[in-house]
Amino acid sequence: MAAETTFHLPEHMKGEADIVRCFCCDLGLAEWDAQDDPWVEHARHNCRCLFLKSEKGEDYVNEIYNPKHPVLEDKDSRLKTFAGVWRTDIEQTPEILVDAGFFYTGEEDTVRCHYCDGGLRNWEPKDIPWEEHARWFPFCKFVIKMKGREYIDEIRIKHEVFSVLKSTSSHVFF
Ligand SMILES: [Zn+2]
Ligand SMILES: [Zn+2]
């Protein structure tokens, strides 16, 4: 990786792998890949750094794709959280839930999104995971990336009609 002005290599670290640190927030990063962008990595690991915010601006930081659970970003690792523990009498299979971004928390039928950390439980047979995700967590960037904003709007309109008819307050939590 080429040297970046945002990072400096402290004296005591010289020659130690490829660790660099931010002088402002003290964030340390190592194991750089050729395609890593130092600004993006900085924002992903510490979006609150004041230097980052002043250099790149609030909007840039907010736009960075930054999952709350990066270790569960790939489908296989999410699928493993369901293996052998998810109830088989629930209409929503692990495959469908994983596809919609969720992993199993281990508690009853509670799942959470690997990106926004939004939780859903008390699944009813007709609940569609993507719809519930888009409906309750419309600002989740995983939903926006995978389904698009138009889909989110459609779901919102569809459920505005339904919400008058039934209360689902026990279904969603933050
Ligand atoms: Zn920093
Ligand atoms: Zn989400």
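What counts, and where the lines are drawn
- Residues numbered from 1 in each chain as written.
- Chains lettered and ligands numbered in written order.
- Predicted model: local features only at pLDDT ≥ 70, side-chain atom pairs only at ≥ 80, totals over all residues.
- Helix = DSSP H or I, 4+ residues; strand = E, 2+ residues; numbered from the N terminus.
- Buried ≥ 20, exposed ≤ 12 C-beta atoms within 10 Å, placed from the backbone.
- Contact = placed C-beta atoms within 7 Å.
- Core = buried A, V, L, I, M, F, W, Y, C linked by C-beta atoms within 7 Å.
- pLDDT = per-residue confidence, 0-100.

Chemist: Account for the overall build of the protein chain, with residues named and values stated.
Modeler: Regarding its fold elements, the protein chain presents seven helices and seven strands. In sequence order, the secondary structure elements of the protein chain are arranged as β-β-β-α-α-α-α-α-β-β-β-α-α-β. A buried classification covers 22% of the 174 residues belonging to the protein chain. Within the protein chain, contacts between residues at least 6 apart in sequence are counted, and of these 38% link residues at least 24 apart.

Chemist: Residue-level account of helix α6 (residues 129-136), with values.
Modeler: Counting buried residues along α6, six of its eight residues qualify, which places the element largely inside the surrounding structure. Among all positions in α6, only Pro-129, Glu-132, His-133, Ala-134, Arg-135 and Trp-136 are buried.

Chemist: Please give an account of the nonpolar core that cites residues and values.
Modeler: In terms of nonpolar packing, the biggest core is built from 20 residues, with Phe-102, Cys-113 and Cys-140 touching the most fellow members. Those elements that provide at least two residues to this core are α5 (94-99), β4 (102-104), β5 (111-113), α6 and α7 (141-162). The leading source of residues in this core is α7, at four residues.

Chemist: Any details on the confidence of the model for the protein chain? Residues and values, ideally.
Modeler: When pLDDT is averaged across the protein chain, the result is 86; 83% of the residues are at 70 or more. When the criterion is pLDDT under 50, residues 1-6 qualifies, and its contacts beyond four places in sequence or with other chains add up to seven contacts.

Chemist: Tell me about unusual backbone geometry, residues and numbers included.
Modeler: Most of the time, phi is negative for any residue but glycine, and the peptide bond is trans. In the Ramachandran plot, Asp-26 falls in the positive-phi region, its phi being about 70 degrees despite a non-glycine side chain. Examined against the element boundaries, Asp-26 turns out to sit in the loop between β2 (20-22) and β3 (28-29). Phi at Glu-31 takes a positive value of approximately 55 degrees, unusual for a residue other than glycine. Along the chain, Glu-31 falls in the loop between β3 and α1 (38-45).

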